[in-house]
Each structure stands twice: as structure tokens, then as C-alpha cells.
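Overview (structure and organization)
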Amino acid sequence: MYPDSLDFALLLSRVWIAIVIFMHGWRHLKAVRSGPGMANWFESLGLKPGPIHALIVTATELALPALLVLGFFTPLAYGGVCSLMVVAFITNHLKNGFFLDLKTEGYEYVVTVAVVCITLGTVGPGEWSLDNALDFSFPFDPGKALLITAGIGILGSALFLATFWRPPKRNAAS
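A few points on the structure. Residues take numbers from 1 onward in each chain, read along the sequence in its written order. With pLDDT at 70 or above as the cut-off, local features in this predicted model cover only qualifying residues; side-chain atom pairs require 80 or more to be listed or tallied, and sums for whole chains, interfaces and linings still use all residues. Note: side-chain values were computed over all heavy atoms of the structure, leaving out hydrogens and water.

**Side note on helix H7 (residues 142-164)**
Formally: Think of it this way: any DSSP run of H or I at least four residues long counts as a helix, any run of E at least two long counts as a strand, and we number them from the N terminus. Helix span, expected: 1.5 Å multiplied by one less than the number of residues in the helix. Take the seven residues that end at a residue and the seven that start at it, fit an axis to each, and the angle between those axes is the bend at that residue. Note on classification: 1.4 Å probe, protein chains only; a residue is buried when its accessible area is under 20% of the maximum for its type, exposed when over 50%, partly exposed between these limits. Residue contacts are defined here by distance: any two heavy atoms, one from each residue, within 4.5 Å place the two residues in contact. Within 3.5 Å is the distance limit for a polar contact, defined as a pair of N or O atoms, with the added protein rule that one can donate a hydrogen and the other accept it, and that residues adjacent in sequence qualify only through two side-chain atoms.
With 23 residues, H7 ought to run about 33 Å at 1.5 Å a step, and its terminal C-alpha atoms sit 31 Å apart, in line with that. At Gly 151, H7 shows its maximal bend, which comes to roughly 35 degrees. Within the sequence span of H7, burial applies to Ala 145, Thr 149, Ala 150, Gly 153, Ser 157 and Leu 161. Looking at the packing, one finds that the buried side of H7 touches helix H4 (74-93) and helix H5 (108-123). In this structure Asp 141 caps H7, since a side-chain oxygen of it lies 3.1 Å from the backbone nitrogen of Gly 143.

Given below as C-alpha cells:
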């Protein structure tokens, strides 16, 4: 009945995820420019060297949204966002429990974004996308798109964490 409804919904989803991630990147850019606070925070999470990770995360959060809005390399872009969320979940949010509230940064938000990214990366960008205009085949094969999106999101995160994450030791009194 409404042939463009699915394409509109997929575009709306891509744009909304892009806005959310871009705004995080913009906030991080302001933090990076204001001094070493963000780099120190990364170090406190066990992600070393903190200055490099602060710059990489900020650049990623500013670049991936453009790919999502355009619907370009969609499974890769959603996989990248998923990876950001998985790393945030493991390094920062998991210890705080499920709920996000004024006192703690629970994991409900980052896990939701990661799951939505895997889902949308699997479904594909729809016809209103550069992937479709350029006739890229992977967005239209849900099996391959799932492997790409989840592979980058989950396996990419695991590789990153194994390489760079050294969780801080907790005091016995904590």
C-alpha cells in the first residue's frame, strides 16, 4: 500500500543513529580540545594510551554518521557504531548495572544501540541510499550484512580490547 514506507523508516533510523553518534563525537571533540580530561578518563578505564584513544573515538564518532546518513557502506558503518557501544559497555557501563540514571551510567543505552545497529546493518539501508544507487550487493544479502555488521561490532571490539584494554586493578577494600 505504501511502497516507500520501509525506505523512509530505514532512512529515519540511519539519520537518528547518525545524529546520536555525531552529538557524542561533538561533545568528545569539545572535551579533547579543552585539555587532557578525556584522555585521562580513557586511561582510568584501562584504555592506553588515553590520548590516542580519545582522538580515535572522537574521529570515529564524527565520521561514521556521514556514512549512515548517506547509506554508504552501511553494514560497515553500523558495525563501527556497534563496536563503539560494545567497548563502552565492557569498559565503562557493565559495572554500573542495567539502568542508566542520574547517578550511574548503566548499560541499557549502549546495549540497545549496539543491538539496533546489528539489526539495521543486517536489514540494509533501503533503496534511498548510496549503497543502492551504486548497486553494492552486500547490503541486500542479509546473511553477509549480518556477518559484516556483527563481525565488526563484536569481533572487532574483542580484538581491540585484547590489544589495548588493561582493566584497572580493584582494591580489596572496594
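**Overview of the nonpolar core**
Defined as follows: To define a nonpolar core, start from buried Ala, Val, Leu, Ile, Met, Phe, Trp, Tyr and Cys residues and group those joined through side-chain atoms within 4.5 Å.
Core analysis: the biggest nonpolar cluster contains 30 residues, and Ile 17, Ile 21, Leu 68, Val 81, Met 85 and Cys 117 have the highest contact counts within it. Secondary-structure elements contributing two or more residues to this core are helix H1 (5-34), helix H2 (37-45), helix H3 (50-70), H4, H5 and H7. When residues of this core are assigned to their parent elements, the largest contribution, nine residues, is made by H4. Those residues in contact with Ile 21 that sit more than four places away from it in its chain are Glu 61, Pro 65, Val 81, Leu 84 and Met 85.

**Re the environment of Val 15**
For Val 15, the location among the structural elements is in helix H1. Separated by 64 residues in the primary sequence, Val 15 and Gly 79 have C-alpha atoms spaced 15 Å apart.

**Details of H2**
Formally: Note that the arc is defined by the directions from the helix axis to the C-beta atoms.
The complete set of buried residues in H2 reads Met 38, Ala 39, Phe 42 and Leu 45. On an axial view of H2, the arc spanned by its buried residues comes to 120 degrees, and they lie on one face. For H2, the secondary structure elements touched by its buried residues are H1, H3 and H4. Downstream of H2 by a residue or two, Gly 46 has a phi angle that is positive, lying close to 95 degrees.

**Considering unusual backbone geometry**
For the peptide bond that leads from Lys 48 to Pro 49, omega is 0 degrees, which places it in the cis range. Among the structural elements, Pro 49 can be located in the loop between H2 and H3. If you check the backbone angles, Phe 73 has positive phi at about 50 degrees while not being a glycine. Inspection of the secondary structure assignment puts Phe 73 in the loop between H3 and H4. Assessed through its relative accessible area of 29%, Phe 73 is described here as partly exposed. Even without a glycine there, the phi angle at Asp 135 is positive, about 60 degrees. Position of Asp 135 relative to the elements: it lies in the loop between helix H6 (130-133) and H7.

**Observations regarding the packing of aromatic side chains**
Put simply, the rule is: Two aromatic rings from Phe, Tyr or Trp, using only the six-membered ring of Trp, form a pair when their centres are within 6.5 Å; if the ring planes differ by under 30 degrees the pair is stacked, by over 60 it is edge-to-face, and anything between is tilted.
The tally for this structure, following the rule as stated, stands at nine aromatic pairs. Consider the rings of Phe 98 and Tyr 107, whose centres lie 5.5 Å apart with planes at 85 degrees: the pair is edge-to-face. Relative accessible area serves as the criterion here: at 23%, Tyr 107 is assigned to the partly exposed category. An aromatic cluster is built from Phe 89, Phe 98, Phe 99 and Tyr 107, whose rings are joined through pairwise contacts.

**What about the packing of H1 against H4?**
Short version of the rule: Inter-axis angles, ranging from 0 to 180 degrees, are taken between N-to-C directions of lines fitted to C-alpha atoms, where helices are fitted over the stretch in contact. Orientation labels follow simple angle bins: below 35 degrees gives roughly parallel, above 145 gives roughly antiparallel, 65 to 115 gives roughly perpendicular, and whatever is left gives oblique. Here a crossing is taken to be left-handed if its near helix is turned anticlockwise relative to the far helix by less than a right angle, and right-handed if that turn runs clockwise. Gly is placed with the polar residues, together with every amino acid not listed as nonpolar (Ala, Val, Leu, Ile, Met, Phe, Trp, Tyr, Cys and Pro) or charged (Asp, Glu, Lys and Arg).
Between H1 and H4, whose axes approach to 12 Å, the crossing angle comes to 40 degrees. Relative to H4, H1 is oriented oblique. Of the two elements, H1 crosses H4, and the hand of that crossing is left-handed. Across from Ser 13, Arg 14, Ile 17 and Ile 21 in H1, the residues of H4 making contact are Thr 74, Tyr 78, Val 81, Leu 84 and Met 85. Residue composition of the contact of H1 with H4, by class: six nonpolar, two polar and one charged.

Interpretation note: all reported values are geometric properties and have no functional meaning in isolation.
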